[in-house]
Each structure stands twice: as structure tokens, then as C-alpha cells.
Amino acid sequence: MGRKAARRKPGKQRPRAAPDPLQTPMPTFGDVVMMIQPEIHGPFGGRATHLMAAQAALFSALASCARIGPETAGGLMLAEALSGKVVLETRRGHARPVVLLPVVLKAIRNCIKHRPVGAGPWLFVTCEGKQLHWSNLVRFLTRLGRRYGFRAGNMTERLFEFFDSFFGSHDEIFAVVALRRSKSRRREPDVDNEGVEAAALDEDLLRTVIEDHGLSGPAGRWIGARGITAAEATTRLFEVRRKLKTGNAEALRIDPVCIMLGSLEWPKKGQNKMRRELADEHFVHLEALRAEGRLTTGDEAFLLHTTSDWIKHRRTKLRQAAMTDEERATEAAWTAELPGLYLSRPRGETPDEFWKRMRPHAPVPESFTRIGLAGVLKRAGALGPRPRGRKDGPVVAMFG
């Protein structure tokens with residue numbers, strides 16, 4: 001007969017009311033706004049920097065604005081997501097449409113800019129264009145938590161709770177259950193399945209109800225410099241100062257045009273027309289301030305309630321309008337030579353190295369961007385699959 005095991009002394013029990021230090025914190029409204037910014041997720045290593053950061057922001061937007069988890073998100077197709085509506089199955093196998101808010105569509109477009117040439121049809125892809133495994137979406141959030149000092153293992157569930165918080169006492173309870181794609185006996189004990197199925201097929205009703213979400217409305221209100229500014233008042237998890245921080249330029253406080261633009265109230269509808277009219281009247285003045293070092297591109301985006309990409313596009317149009325016929329001919333001739341120079345570049349030179357080598361020789365170096373070079377090469381047919389066994393094939397990786 002064996003020896004009887006010694007009895008262990010009971011350990012000190014933790015009071016039930018004490019919070020678990022390993023629990024994932026509930027993000028505030030400002031925290032969620034920060035999580036849908038690609039910049040908060042970078043930097044990643046190598047050429048994955050921009051693509052993975054944009055996809056991490058997109059998954060955060062899907063979880064917080066559409067209640068879509070990692071396994072479901074990993075199987076979404078790009079074409080269907082761009083339509084603004086995806087059809088998903090519930091736990092019981094019923095197909096229900098999911099309406100995507102403008103902020104989610106904006107996050108998708110941000111990813112498209114960094115997708116590799118010839119990528120597959122999936123919404124989330126690797127740097128080689130293959131399907132990204134859904135477990136990487138979970139790692140995006142846990143990695144973010146490690147960077148900012150909080151546990152993020154259950155952050156997807158917290159983002160689901162953030163979604164549910166906007167519909168806690170909504171009148172259209174059947175549509176709310178359909179948007180959640182799951183029925184809880186504890187939360188909705190008297191809701192019958194027939195009513196939920198009928199509401200799920202009423203797309204207009206779903207779009208009306210989803211407008212009560214806190215991140216509804218124009219995407220420019222939440223993604224970009226204006227979104228970060230709006231988030232700062234309630235941000236709790238991300239207190240580190242960020243690169244997109246605006247408001248430090250002296251011109252914002254003393255220049256009359258900047259003061260006027262900064263104090264404008266932007267309506268929910270008609271923002272594009274209002275922005276174009278303001279840019280027609282004041283963009284030249286803002287560009288002059290930037291040339292003097294008194295404003296940044298982020299400051300201009302903040303003042304015109306838009307993104308940095310819109311500012312850069314407007315800047316290019318302004319430069320092109322001021323060009324002479326001789327300058328246009330010179331730039332067109334130089335651009336026409338790029339595909340041949342690219343194909344005859346030194347063996348082993350990457351597309352990014354080619355861009356850096358050619359940029360100083362461009363007619364206007366600051367307007368010669370990576371994405372612009374990629375467009376020129378693609379239209380000329382210089383981009384294609386990499387030949388096997390070669391490291392200097394006609395194309396390789398994404399630009400940017």
C-alpha cells in the first residue's frame with residue numbers, strides 16, 4: 001500500500017469582487033477609434049509594414065462595427081465586402097446579410113492600396129497574395145496590447161460588447177438580434193425566430209438601425225487626423241503621443257484662414273461639395289504655409305476634414321494645372337522611359353530600391369511616389385509574375 005499523499009494547505013483565496021489582473025480591459029470609444037487607425041498598429045517588419053497595419057485596422061473595424069470575428073473575417077471575399085454588404089451564416093445555419101458602415105469600407109480601401117499585385121480574391125491576404133490565416137487577425141490585437149501594456153487576448157469579445165452597447169434598449173429588437181447574428185435567451189427571452197428572420201431580410205431596416213452605431217456617418221470623421229483628434233478626449237489605452245497628432249502648428253492659432261477653417265461645423269451631408277469649395281478658395285494659401293514649414297499635410301487634412309491622401313491628390317492637381325506645355329512634355333517623356341529602365345535595372349535590385357534610385361532624377365521628385373511608379377509599370381505591362389528561380393523578375397512586391 002502506497003504512502004498517503006500529504007494534504008496541501010489551502011491557498012489564500014482572492015475576493016470575488018477583486019478584478020482579475022489578466023482580464024482584457026474594455027476599450028473606450030476613443031480606444032476603438034484609435035484601433036481602426038492603421039498607424040497605431042505599425043510598424044511591422046519588412047515589406048509587410050503597410051499591408052499588415054492596414055489589415056489590422058480593418059479587422060478592428062469589422063469586429064467593432066459589424067460584429068465579425070476572426071474566423072469569419074478570414075473567409076471574406078474582397079469583391080463582396082466592397083459592395084457594402086456581406087451574407088454570413090448564423091450558428092443555426094441561417095444566411096443573414098451584414099451591412100457594413102462607411103468606416104469599414106474606408107478601411108477596406110486603405111488595404112487595397114497596399115495589396116500585392118495579383119493577390120487572391122480574399123479580403124485578408126499575405127504579402128505574397130495568398131489567403132491570410134484567421135489566427136493572424138487575433139495576433140494583430142495581442143501584439144497591439146503588448147506594445148501598449150495591456151492584455152488583449154479577449155479583445156475581439158470586447159469589441160463585440162462595444163458593438164452591442166449602442167443597441168441595448170433599441171426599439172427594433174428583431175433587427176438588433178439580426179445584426180448580432182445570435183440570440184441570447186438571457187438578453188432576448190421573448191424574441192421569436194420568425195420575427196428575427198423577417199427583420200434580417202429587410203435590408204432598409206438593417207441600414208436604418210445600424211445608423212445608431214457610434215461610428216456611423218462619413219468615414220473621414222473617424223479615420224485620419226480628425227478621427228484621432230476626436231478620440232483623444234476618451235482614449236485610455238493609447239496614451240502614447242502619435243505621429244498623426246495635429247494642432248501644434250503655430251499657424252493654426254494665428255493665421256486667419258486656419259482659424260476660420262478650424263472653427264467650421266461640418267454637416268452630415270454635402271461634405272464633398274463643401275470641401276471642394278473651400279479648397280478652391282483656400283488651398284493655395286494652405287500650400288504656401290506648408291512650403292514655409294508652418295503647416296504639415298496632416299494639419300491641412302484636419303482643416304479640410306479629409307485624409308492626407310486627398311490632400312496629396314489635390315496638391316498634384318494644383319501642380320499639374322500650373323505646368324507649362326514644355327514641362328508636361330518633359331515629364332511625359334521621362335515617365336515613358338521608366339518601364340524600360342525598370343526591366344533593365346541591375347540584377348537583384350528590388351522595386352523599392354529602383355524607386356529610390358530614380359526619384360532624384362524625376363522632374364518633380366516629391367510627386368514621384370512608389371504607388372505612382374507601380375501604376376506606370378502596370379499600365380506598360382512591366383509587372384507580372386516572378387519567373388521561377390530568379391530574384392530579379394519583372395515584379396515582385398508591393399510598392400509602399
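Look up: the structure comes first, before these words.
Residues numbered from 1 in each chain as written. Predicted model: local features only at pLDDT ≥ 70, side-chain atom pairs only at ≥ 80, totals over all residues. Heavy atoms only, no water.

> Could you give an account of helix 7 (residues 135-148), naming the residues involved and the relevant values?
Under the 1.5 Å per step criterion, the end-to-end length of helix 7 is 21 Å for 14 residues, consistent within 8% with the ideal 20 Å. Regarding helix 7, the residues found buried are Ser-135, Leu-137, Phe-140, Leu-141, Leu-144, Gly-145 and Tyr-148. Of the residues trailing helix 7, Gly-149 is marked for its positive phi of about 80 degrees. (Helix = DSSP H or I, 4+ residues; strand = E, 2+ residues; numbered from the N terminus. Expected span 1.5 Å × (residues − 1). Buried < 20%, exposed > 50% of the residue type's maximum accessible area, 1.4 Å probe, protein only.)

> Summarise empty space enclosed by the protein; cite the residues concerned and give the values.
The rolling of a water-molecule-sized probe over the atoms marks out the regions of remaining empty space. According to the stated counting rule, one finds one cavity of 30 Å³ or more in the structure shown. Taken together, Cys-65, Ala-66, Val-98, Val-99, Phe-163, Leu-179, Arg-181 and Ile-210 make up the full set of residues lining the largest cavity. The set of elements that each furnish at least two residues to the lining of the largest cavity consists of helix 3 (49-66) and strand 2 (95-99). (1 Å grid on protein atoms, 1.4 Å probe; cavity = no way out; pocket = protein on both sides within 12 Å on 5 of 7 lines; lining within 4 Å. Points joined across faces, edges and corners; volume = space filled by probe spheres on them.)

> A description of the side chain of Arg-345 should follow, citing residues and the corresponding values.
Looking at the element boundaries, Arg-345 is found in the loop between helix 18 (325-343) and helix 19 (351-358). Among buried charged residues, Arg-345 stands out as having no salt bridge; its nearest opposite-charge side chain is Glu-349, 4.6 Å away. Within the structure, the side chain of Arg-345 is placed 2.9 Å from the backbone oxygen of Glu-349, a separation counted as a polar contact. (Lys, Arg positive; Asp, Glu negative; His and termini not counted. Salt bridge = Lys/Arg side-chain N within 4 Å of Asp/Glu carboxyl O. Polar contact = N/O pair within 3.5 Å; in protein donor to acceptor, adjacent residues only side chain to side chain.)

> Which residues make up the packing of helix 15 (residues 271-291) against helix 17 (residues 308-321), and what values go with them?
As a packed pair, helix 15 and helix 17 sit with axes 11 Å apart at the nearest point and diverge in direction by 80 degrees. Taken together, the axis directions place helix 15 and helix 17 in an arrangement best described as roughly perpendicular. Contact residues: Arg-275, Arg-276, Ala-279, Asp-280, Phe-283, Val-284, Glu-287 and Arg-290 in helix 15; Trp-310, Ile-311, Arg-314, Arg-315 and Leu-318 in helix 17. (Axes fitted to C-alpha atoms, helices over the stretch in contact; angles between N-to-C directions. Parallel < 35°, antiparallel > 145°, perpendicular 65-115°, else oblique. Contact = heavy atoms within 4.5 Å.)

> Lay out unusual backbone geometry in plain terms, naming residues and giving numbers.
The residue Arg-67 is not glycine, and still its phi comes out positive at about 60 degrees. Tracing the backbone shows Arg-67 in the loop between helix 3 and helix 4 (70-74). Exposure remark for Arg-67: the relative accessible area of 14% places this residue in the buried category. Positive phi outside glycine occurs at His-305, with the angle close to 55 degrees. Looking at the element boundaries, His-305 is found in the loop between helix 16 (297-303) and helix 17.

> For the packing of aromatic side chains, give the residues involved together with the corresponding values.
Enumeration according to the criterion identifies eight aromatic pairs in this entry. For the pair Phe-29 and Phe-162, a centre-to-centre distance of 6.2 Å together with 40 degrees between the ring planes defines the contact as tilted. Residue Phe-29 is found in helix 1 (residues 29-35), and its partner Phe-162 is found in helix 8 (residues 155-164); the two are separated by 133 residues along the sequence. Taken together, the aromatic side chains of Phe-29, Phe-162, Phe-166 and Trp-222 make up a single cluster linked through ring pairs. The ring centre of Trp-310 lies 6.0 Å from the NZ or CZ of Arg-275, which sits over that ring. (Phe/Tyr/Trp six-rings, centres within 6.5 Å; stacked < 30°, edge-to-face > 60°. Lys NZ or Arg CZ within 6 Å of the ring centre and 35° of its normal.)

> Account for the nonpolar core, naming residues and giving values.
Within the largest apolar cluster, 70 residues are counted, with the highest numbers of intra-cluster contacts made by Leu-62 and Leu-100. Those residues in contact with Leu-62 that lie beyond four places of it in its chain are Arg-67, Ile-68, Ala-73, Leu-76, Leu-100, Val-104, Leu-123 and Phe-124. (Core = buried A, V, L, I, M, F, W, Y, C linked by side-chain atoms within 4.5 Å.)

> Outline the pairing of strand 2, supporting the account with residue identities and numerical values.
Burial runs high along strand 2: four of the five residues are buried. Pairing geometry for strand 1 (residues 85-89) and strand 2, over five bridges, is antiparallel. When the bridges of strand 2 are listed, Lys-85 appears paired with Val-99. (Pairing = 2+ DSSP bridges.)

> Quick rundown of the pattern of salt bridges? Include the residues and the values.
As enumerated under the stated definition, the model contains 14 salt bridges in all. A salt bridge links Arg-158 to Glu-161; the shortest N-O distance between them is 3.3 Å. With Arg-158 and Glu-161 both in helix 8, this residue pair falls three residues apart, about one helical turn. Looking at Glu-161, the relative accessible area reads 37%, which means it is partly exposed. A salt bridge links Arg-315 to Glu-287, with the shortest nitrogen-to-oxygen separation between them at 3.0 Å. Of this pair, Arg-315 sits in helix 17 while Glu-287 sits in helix 15, and the two are 28 residues apart along the sequence. Judged on exposure class, the residue Arg-315 and its partner Glu-287 are both buried.

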